[in-house]
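Reading the structure
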Amino acid sequence: MTGLAIDNVTVTFGATVAVDDVSLRVAPGEIVALLGPSGCGKSTLLRVIAGLEQPASGTVEWDGVDIGARPPEDRGFGLMFQDHALFPHRNVADNVAFGLKMQGKGRAEREARVAQILELVDLAGFGSRQVDSLSGGEAQRVALARALAPSPQLLMLDEPLGSLDRSLRDRLAIDIRAVLNELGQSAVHVTHDQDEAFTVADTVVLMRDGSVLRHGSPQELWNDPQTAFAADFLGHPNIFDDGAELGGPAGPAVLRTEAITFVAPETADSVTGHVSAVWFRGDHFRVQITLAGGQQVLALSPAAATTGDQVHIRIRPDGFSHLSD
Ligand code: ADP
Ligand code: MG
C-alpha cells in the first residue's frame, strides 16, 4: 500500500495554467491539506484526483496503479464539498446510507454502518431527522458521515467548512481530524484558511499560482516558511527586509512571535521600546512595539498592555529564519 501518487500534473483552461507541474503524495492514513489563496488551483487539482478533470499531462496513481483513465465512480474515492447538497426530502439515515446502497450493501449492514458512522460524527440518534431541520454544523457532519460511510480509499474535502462561522469552523476542524484519525482515513483537505490547514493536516501543501511552493508538517512550514509570500500567508506578522537590524541574519527574514518575550526589569540582552498598538484577541493580546531604532515588532502577551508604555523585550536569535525574497 503506497496510497496516492501524483506526478507532474498540469491542467490548462485556454491560456490559463490552473495547475502547473504538480507532484504530490498521500500515504495511507495521512491527512494532506492543500492550502493557498483563491484561484491557485486547489479545486482543479482535487478534481484531477477525483477523475472529474483530465490533466494536459502528468500521472495519477493509486497503490502503484495508473488510474488516470478510470472514471470517477471506479476510483473508490469520496468527496465532500462546501455546499453539502444533502438530499433534502430524505432523513439523515437515508442520506448517510446513499453510498452503501450504491455499493449494493444489504439493509442490515447499511443500518449498522449508518449507526456507527453517526455515532462517530457525534450525531447518534439523528437518523430519523429531516435534513432541512438541521443546523449548518449538523448538516456538515451529515455530509461528512455520508462521504465516510462507504469507506472510501481516499476522502477529498473541498473547503468543507467554508460556509460556517469562525467558532463552529474551529470546532469542526478539530472533529474532522479526530474522525479521520479514528478511521485511519487517507484524506486531501482543501482550504484557503491557514488555521484550518494546521488543525486538520499531518502535511500541508502550500500552493501559489498553480504550483506547489512548499510542503511539510505544519511546524516545518511555520518555523521555516522560506519565502515572504509563505510567511505572510501563514500569518507571520514579523517579516523584515533586513533581519540584521534586529539582531538576526542579514537580508529578508521572518521573526516568529514565540521568540519574543517581555522582561522586567531590563536585562543585558533586552531591547527597549514603547507599545504603539494593542489588539485584544480573547485568550491573548497582540502588542505592537516600536523600538528605539524605529523598527516595529509584534509580540503576543497573556497580559494587557497600554499604548505608550515603555517595555523591554528579549528576542531569541533562533527565532529568525532567512527568506529568499
Ligand atoms: P482554487 O480552488 O484554488 O480557488 P481553482 O482550481 O478553482 O482554484 O481555479 C484555478 C484557476 O483555474 C483559476 O484561475 C480559475 O479561474 C481557473 N479555472 C478553474 N476551473 C475552470 C474552468 N472550468 N474553466 C476555465 N477556467 C477555470
Ligand atoms: Mg476552490
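Each remark here, short or long, concerns the structure printed above.
The following paragraphs examine the structure supplied in this document.

Moving on, we come to the environment of Asn-91. Considering the arrangement of structural elements, one finds Asn-91 in the loop between β6 (77-81) and α2 (92-102). Exposure remark for Asn-91: the relative accessible area of 18% places this residue in the buried category. Between the C-alpha atom of Asn-91 and that of Ser-128, which follows or precedes it by 37 residues, the distance is 5.5 Å. Not counting residues within four places of it along the chain, the set of residues in contact with Asn-91 comprises Gly-127, Ser-128, Arg-129, Gln-130 and Val-131. Among the polar contacts listed, one links the side chain of Asn-91 to the backbone nitrogen of Ala-93, at a separation of 3.2 Å.

To continue, consider the sheet that holds strand β3 (residues 31-35). Taken in spatial order, the six strands make up an open sheet running β6-β7-β8-β3-β9-β10, and their pairing is mixed. Each edge of the open sheet is held by one strand with a lone partner, namely β6 and β10 (211-216). Between one strand and the next, the sheet's axes are offset by a mean angle of 20°, whatever the strand orientation. With five bridges joining them, β3 and strand β8 (residues 187-191) adopt parallel strand pairing. Across the sheet, Val-32 pairs through a bridge with Val-188, a residue of β8. Along the sheet face, helix α4 (residues 136-148) touches β6 and β7 (154-158) and points at about 170° away from the line of β6. Each of β3, β7 and β8 touches helix α5 (residues 166-183); the most contacted strand, β3, lies at about 145° to it.

For α4, which comprises 13 residues, the first-to-last C-alpha distance of 18 Å matches the rise-based estimate of 18 Å (1.5 Å per residue) to within 8%. Counting buried residues in α4 gives 11 out of 13 residues, a clear majority hidden from the surface. Here α4 has its buried residues at Gly-137, Ala-139, Gln-140, Arg-141, Val-142, Ala-143, Leu-144, Ala-145, Arg-146, Ala-147 and Leu-148. Close packing links the buried residues of α4 with β6, α2, α3 (107-120), β7 and α5.

Quick look at the layout of surface pockets now. To find the voids left in a structure, one rolls a probe of water-molecule size over its atoms. Its volume calculated, the largest pocket comes out at about 710 Å³. In this structure, the largest pocket is lined by 23 residues; those nearest its centre are Phe-77, Gly-78, Leu-79, Phe-98 and Pro-150. Elements that contribute at least two residues to the lining of the largest pocket include exactly β6, α2 and α4. Per-element accounting of the lining of the largest pocket gives the leading share, five residues, to β6. Of the volumes computed, that of the second largest pocket is approximately 470 Å³. Forming the boundary of the second largest pocket are 20 residues, of which Gln-194, Asp-195, Gly-235, Arg-281 and Arg-286 lie nearest the centre. Of all the secondary structure elements, the ones that give two or more residues to the lining of the second largest pocket are α5 and α6 (194-200). Tallied by class, the residues present in the lining of the second largest pocket amount to six nonpolar, five polar and nine charged. Of the residues that make up the lining of the second largest pocket, three or more belong to each of domain 1 (4-230) and domain 2 (231-322).

Time to look at the packing of α2 against α4. Packed helix pairs are specified by the crossing angle of their axes together with the interaxial distance, meaning the distance between the axes. Two elements in contact, α2 and α4, have axes whose closest approach is 6 Å; the angle formed by their N-to-C orientations is 30°. Regarding the angle of α2 to α4, the classification is roughly parallel. Helix-helix and strand crossings are classified by hand; for α2 and α4 the assignment is right-handed. Of the residues in α4, those in contact with Val-92, Asn-95 and Val-96 of α2 are Val-142, Ala-145 and Arg-146.

Cut-off values and rules
Residues numbered from 1 in each chain as written. Chains lettered and ligands numbered in written order. Predicted model: local features only at pLDDT ≥ 70, side-chain atom pairs only at ≥ 80, totals over all residues. Heavy atoms only, no water. Helix = DSSP H or I, 4+ residues; strand = E, 2+ residues; numbered from the N terminus. Buried < 20%, exposed > 50% of the residue type's maximum accessible area, 1.4 Å probe, protein only. Contact = heavy atoms within 4.5 Å. Polar contact = N/O pair within 3.5 Å; in protein donor to acceptor, adjacent residues only side chain to side chain. Pairing = 2+ DSSP bridges. Axes fitted to C-alpha atoms, helices over the stretch in contact; angles between N-to-C directions. Expected span 1.5 Å × (residues − 1). 1 Å grid on protein atoms, 1.4 Å probe; cavity = no way out; pocket = protein on both sides within 12 Å on 5 of 7 lines; lining within 4 Å. Points joined across faces, edges and corners; volume = space filled by probe spheres on them. Nonpolar A, V, L, I, M, F, W, Y, C, P; charged D, E, K, R; others polar. Domains from an automatic or database assignment. Parallel < 35°, antiparallel > 145°, perpendicular 65-115°, else oblique. Left-handed = near helix turned anticlockwise from the far one by under 90°.

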